[in-house]
Amino acid sequence: MGKRKTGFRKSMHKPKKHLQNSDERKPYTDIIKENEKFIQYYKTQKVCKDEEYDEFITSLKTDLPATFRITGSKGEAKKMLEIVQGQFIKDCLKQEESEQKPNIFSLPWYPDKLAWQMELTRKDIRRCEAYYKLHNFLISETEHGTISRQETVSMIPPLVLDVQSHHKILDMCAAPGSKTAQLLELLHAQGDPIPTGYVIANDVDNKRCYMLVHQAKRLNSPCVAVINHDSAVLPNLYESLPDGSTQQVSFDRILCDVPCSGDGTLRKNPDIWMKWTPANALNLHGIQYRILKRGIELLKVGGRIVYSTCSINPVENESVIHRILSELGDSVELVDVKEMLPGLKYSKGMETWLVGSRNLEFYKSFDDVDEKWRTTIRPQMFPPAEGEKSKFKLDKCIRILPHQQNTGAFFVAVLRKIAPLNKIEKSLKPEEVTEETDNNTNKRINEDNLPQNQRKKRRKDGYREDPFVFFNQEEKVWDDIKSFYQVDSSFDSTCLLTRCHVGKKKNIYLTSSAVRDLVLQNQGNIKFINTGVKAFVRCDNKNMKCAFRIANDGLESIYPFIGEDRKVIIPKEDLITLLLNNDPMHSPQINTLSEGVQNRVANLSPGSCVLIYTEKIEGIDEPLILHLSGWRGTTSLRCYTTQHSTVHLLRLLGGDISKYDINKFKKIEEENTEHKEEIVMDEKEAENDEIIDMH
Ligand SMILES: C[S@@+](CC[C@H](N)C(=O)[O-])C[C@H]1O[C@@H](n2cnc3c(N)ncnc32)[C@H](O)[C@@H]1O
């Protein structure tokens, strides 16, 4: 008797993911957006005028509008702006049955019209079939890195930090990283391929550090490193000086976007309605203060630090700033940044507030506080005395409330360091530092200059990260790369690194020389999670004289150093052809491309190359310039792009993206039908099997 075939495939028994009726997560629609304590607390705190209070609360109960920021080089950003302002987005917003289409507008206070808000929530965009093209647009452009979907108010802190390309920037509480990404954009805004400044992005939560890595990666910057520390006790960082000694890094700019109760995000996170209690703010005040204080210690005199929270509570906001100014007032002052935010509606910082206990007993001063609350309510949480208000100028802080312009709630304070902290700075230097200082100069001795046997092994075991292994002058693989790509002698190959000590090098990453120095000087004390942009990828292709191809990620940084021989100018039509056919098995044949390209590649030896596309854009001097990693095969030419980048590039060039612009609603419908058909088929097969068996 033959073996019985069941005919039932595994897939039949396992419901497809989208068909599963999962009740693991409570839908946000089931959350009751009420909390008596919350309503009473903020009414008592007078966070807005009495006549606005109902509007304030009502606004907190509605979903947030979707917003995004355009990023990228000037030419690319201008082209994206044309798309956002043009017919494409107009069509995306059109609802077939309705005559009314939601509005989309640029935020007046964000420079160059780069930030946009829609009269649609993220949920609307995700759930409504009419917006599937808009949704696809937002996803592919976000993944490619040309837009960042970021909440309106969250764009303010990096903006008022006033970043320039030479700034050393520290982002103290950086994960998941939307502000880090914005800081990187601002660092690269002038178009330098490798800015001299950098961003050190820190978070205490190891897992969240990887979200940060993902965010930073989208920006393809060689000037960022992700580290993992409690920023309240972040060790000093050191940098080399030209004479070989080292000195402590003083940051030009610091972002201190501290952990907070998050009640300003109620519109996005409605579950906070059920969890909210005044105790959260009381518990967070201490760590918020310590993080800000450590930030000020690490800041250069003349530098700027931005303190921000997504909390409405003065105990987490003005109270922290007041405490800092009371202690360090000779060294820091609040900065008025009104001029940097034209058209933004906000309330001035509060100069007086009450401190409320867990059960809503409100106190004007610590002397009145009931004994039982004195461990949670601290004397430093109270506002300045009546006669001292003008000394602190807390009204320079910025409070954004949700009803003012349909956003989340937010608090921002900008501080400038005007003098060193003296005693405090000295007392907080970690022990390792003094241990190794040169007595005469008070500078730390550069360990790299010491003989190997005198270097102290500082790395603690247990870091999960792969090592950061920088090339030395004699790096073997470099000779081939250098000669194949005719890399200019000004390129510093010691800024290239791999993540393995032994074995074949797979990916080669690039950092700026300042970031390289930071890693080398500090990897004993600082837990580096990630750094470097991918510059070269191993591809052992017999046809190529060099084992590494150029990666798109780091191409902008290495482009100026690559010799002309491996660069191919490509016209629009050919680039569109390559993008539409970027399956490596079916790359376009060279003889199907334009004559210009055929002539250009005739003498180009097989292997990796850079494809260059330029286009004049009306209204700006800077053209759109695209540099893409390409491959000259024996008879074909291809372009390396991920699917999201392919869609982005085709969109920029006006190519046909229909094959990628999938209507997921239709697809699900089809899959459901297919699934039903599959079941019928499987049942038929099973019946046949029965028949076969019976005979
Ligand atoms: C408000 S979120 C930061 C949001 C982030 N700046 C952004 O724009 O995406 C606060 C972050 O602080 C981190 N955090 C909490 N305590 C910290 C500490 N002591 N040191 C460093 N990070 C801390 C949390 O893990 C969280 O990721």
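All figures in this text were calculated on a predicted structure; none of them were measured in a lab. (Residues numbered from 1 in each chain as written. Predicted model: local features only at pLDDT ≥ 70, side-chain atom pairs only at ≥ 80, totals over all residues. Heavy atoms only, no water.)

A.B. asks: I'm lost on unusual backbone geometry in this one. Help?
C.D. replies: Glycine aside, negative phi is the norm for most residues, and most peptide bonds take the trans geometry. Of note, the amide linkage connecting A175 to P176 takes the cis form, showing an omega dihedral of 5 degrees. Examined against the element boundaries, P176 turns out to sit in the loop between β5 (168–171) and α9 (178–187). Here K113, not a glycine, exhibits a phi torsion of approximately 55 degrees, which is positive. Among the structural elements, K113 can be located in the loop between β2 (104–106) and β3 (115–121). A positive phi angle is found at K393, which is not glycine, with a value near 50 degrees. (Helix = DSSP H or I, 4+ residues; strand = E, 2+ residues; numbered from the N terminus.)

A.B. asks: For this particular structure, what's the right way to read the packing of helix α2 (residues 36–45) against helix α3 (residues 53–60)?
C.D. replies: Helices that pack against each other are described as a pair by the angle of their axes relative to one another and the distance between those axes. One way to put it is that α2 packs onto α3 with a least axis distance of 11 Å and a crossing angle of 140 degrees. Considering their axes alone, α2 and α3 lie oblique with respect to each other. For the crossing formed where α2 meets α3, the hand is right-handed. For the pair α2 and α3, contact is made by F38, I39, Y42 and K43 and by Y53, F56, I57 and L60, respectively. Tallied by class, the residues present in the contact of α2 with α3 amount to seven nonpolar, no polar and one charged. (Axes fitted to C-alpha atoms, helices over the stretch in contact; angles between N-to-C directions. Parallel < 35°, antiparallel > 145°, perpendicular 65-115°, else oblique. Left-handed = near helix turned anticlockwise from the far one by under 90°. Contact = heavy atoms within 4.5 Å. Nonpolar A, V, L, I, M, F, W, Y, C, P; charged D, E, K, R; others polar.)

A.B. asks: What should I look at first to understand a positive patch on the surface in this one?
C.D. replies: On the surface, R122, R126, R127 and K664 cluster together to form a positively charged patch. Among the elements that take part in the positive patch, helix α6 (residues 122–127) stands out by supplying three residues, more than any other. On the accessibility criterion, K664 (32% relative accessible area) is partly exposed. (Patch = residues over 30% accessible without salt bridge, like charges linked within 9 Å, V, L, I, M, F, W, Y side chains within 5 Å. Areas by Shrake-Rupley, 256 points an atom, 1.4 Å probe, with all protein chains shown as cover. Salt bridge = Lys/Arg side-chain N within 4 Å of Asp/Glu carboxyl O. Lys, Arg positive; Asp, Glu negative; His and termini not counted. Charge placed at Lys NZ, Arg CZ, Asp CG, Glu CD. Buried < 20%, exposed > 50% of the residue type's maximum accessible area, 1.4 Å probe, protein only.)

A.B. asks: Could you clarify how one ought to interpret the nonpolar core in this entry?
C.D. replies: Inside soluble globular proteins, nonpolar side chains tend to come together where they are buried. Residues F56, I70, L134, L292 and I321 are the most contacted members of the largest nonpolar core, which totals 158 residues. Aside from chain neighbours lying at most four places away, what touches L292 is C256, I305, Y307, V320, I321, I324 and L415. (Core = buried A, V, L, I, M, F, W, Y, C linked by side-chain atoms within 4.5 Å.)

A.B. asks: Can you help me understand the packing of aromatic side chains in this one?
C.D. replies: Across all of its chains, the model carries 18 aromatic pairs by this definition. Considering the side-chain rings of F38 and W276, the 5.3 Å spacing of their centres and the 85 degrees angle between planes classify their relative orientation as edge-to-face. Residue F38 is located in helix α2, and its partner W276 is located in the loop between α11 (272–275) and α12 (278–298); the two are separated by 238 residues in the primary sequence. Across the pair, exposure class does not vary: F38 and W276 are buried alike. Between F88 and F137, the ring centres sit 5.3 Å apart and the planes meet at 55 degrees, which makes this aromatic pair tilted. With a gap of 49 residues between them, F88 in helix α5 (residues 87–93) and F137 in helix α7 (residues 132–144) connect regions that are remote in the sequence. (Phe/Tyr/Trp six-rings, centres within 6.5 Å; stacked < 30°, edge-to-face > 60°.)

A.B. asks: How should I be thinking about empty space enclosed by the protein in this particular structure?
C.D. replies: Taken as a whole, this structure holds three cavities of 30 Å³ or more when the rule is applied. One number sums up the size of the largest cavity: a volume of about 40 Å³. When contributions to the lining of the largest cavity are tallied by element, the ones reaching two or more residues are β16 (398–400) and β17 (410–417). Looking at the lining of the largest cavity, its residues break down into six nonpolar, two polar and one charged. (1 Å grid on protein atoms, 1.4 Å probe; cavity = no way out; pocket = protein on both sides within 12 Å on 5 of 7 lines; lining within 4 Å. Points joined across faces, edges and corners; volume = space filled by probe spheres on them.)

A.B. asks: For this particular structure, what's the right way to read the pattern of salt bridges?
C.D. replies: Any two side chains of opposite charge can pair, so long as their charged atoms come close to each other. Tallied over the entire structure, the rule returns 27 salt bridges. Put simply, K179 and D257 hold a salt bridge, and the shortest N to O gap is 2.7 Å. Here K179, found in helix α9, pairs with D257, found in strand β10 (residues 251–257); they are 78 residues apart in sequence, far enough to count as distant. We note a salt bridge from K389 to E386, for which the minimum N-O separation is 3.0 Å. Under the relative-accessibility criterion, K389 is labelled buried at 18%. Here the residues in one salt-bridge network are K33, D63 and K123, joined through shared partners.

A.B. asks: In this structure, what is going on with the sheet that holds strand β20 (residues 507–510)? I would like to understand it.
C.D. replies: Within a sheet, neighbouring strands are paired by backbone hydrogen bonds and run either parallel or antiparallel to one another. An order of β18-β19-β20-β22-β23 is seen for the five strands of this open sheet, with the pairing classed as antiparallel. Since the sheet does not close on itself, it has two edges, and those belong to β18 (469–470) and β23 (548–550), each with one partner. Where β20 lies against strand β22 (residues 533–538), four bridges are found, and the strand directions are antiparallel. For N507, the partnering residue across the bridge sits in β22 and is V537. (Pairing = 2+ DSSP bridges.)

A.B. asks: Where do I start with the side chain of E239 in this structure?
C.D. replies: Note that E239 resides in strand β8 (residues 238–240). Once you skip the residues sitting within four places of it in the chain, E239 turns out to touch K168, Y198, S245, T246, Q247, Q248, V249, D517 and Q521.

A.B. asks: Help me understand the packing of helix α21 (residues 572–580) against helix α23 (residues 643–653), please; the structure alone is not making it clear to me.
C.D. replies: With their axes 10 Å apart at the nearest point, α21 and α23 run at an angle of 155 degrees to one another. With respect to α23, the axis of α21 lies roughly antiparallel. Every pair of crossing elements has a handedness; the one defined by α21 and α23 is left-handed. On the side of α21, the interface is formed by K572, L575, I576, L579 and L580, while α23 contributes T646, L649, L650 and L653.

A.B. asks: Just checking my understanding: could you explain the site of the ligand for this structure?
C.D. replies: Surveying the vicinity of the ligand reveals 21 residues, the closest of which are D203, R208, D230, S231 and D257. Measuring from a nitrogen atom of the ligand, one finds a backbone N or O atom of C173 at 3.0 Å. At a separation of 3.3 Å, a nitrogen atom of the ligand approaches a polar backbone atom of V204. Protein contact buries 86% of the 600 Å² of open area that the ligand shows by itself. Listed by contribution, the elements that provide at least two residues to the shell around the ligand are α9 and α12. Looking at the shell around the ligand residue by residue, the classes come out as 10 nonpolar, five polar and six charged. (Near = heavy atom within 4 Å. Polar contact = N/O pair within 3.5 Å; in protein donor to acceptor, adjacent residues only side chain to side chain.)

A.B. asks: Just checking my understanding: could you explain the pairing of β3 for this structure?
C.D. replies: Along any regular strand the residues' side chains alternate between the sheet's two faces. Burial of β3 is extensive: six of the seven residues sit out of reach of the surface. Where strand β1 (residues 65–70) and β3 come together, four bridges link them in antiparallel fashion. Residue pairing across strands places F68 opposite W116, the latter belonging to β3.

A.B. asks: Any chance you could explain the environment of Q589 here in plain terms?
C.D. replies: On the secondary structure map, Q589 appears in the loop between α21 and α22 (595–602). In the structure, Q589 is positioned 46 residues away from T635 in sequence and 5.7 Å away in space, judged by C-alpha atoms. With near-sequence residues (within four places) excluded, Q589 lies in contact with T635 and S636.

A.B. asks: What should I look at first to understand the sheet that holds β3 in this one?
C.D. replies: Read from one edge of the open sheet, four strands run β2-β3-β1-β4, paired in antiparallel fashion. A strand with exactly one partner marks an edge of an open sheet, and here the two such strands are β2 and β4 (147–148). Most of the contacts of helix α4 (residues 74–85) go to β1, to which it runs at about 150 degrees, and overall it touches β1, β2, β3 and β4.

Distances and angles like these do not, on their own, reveal function.
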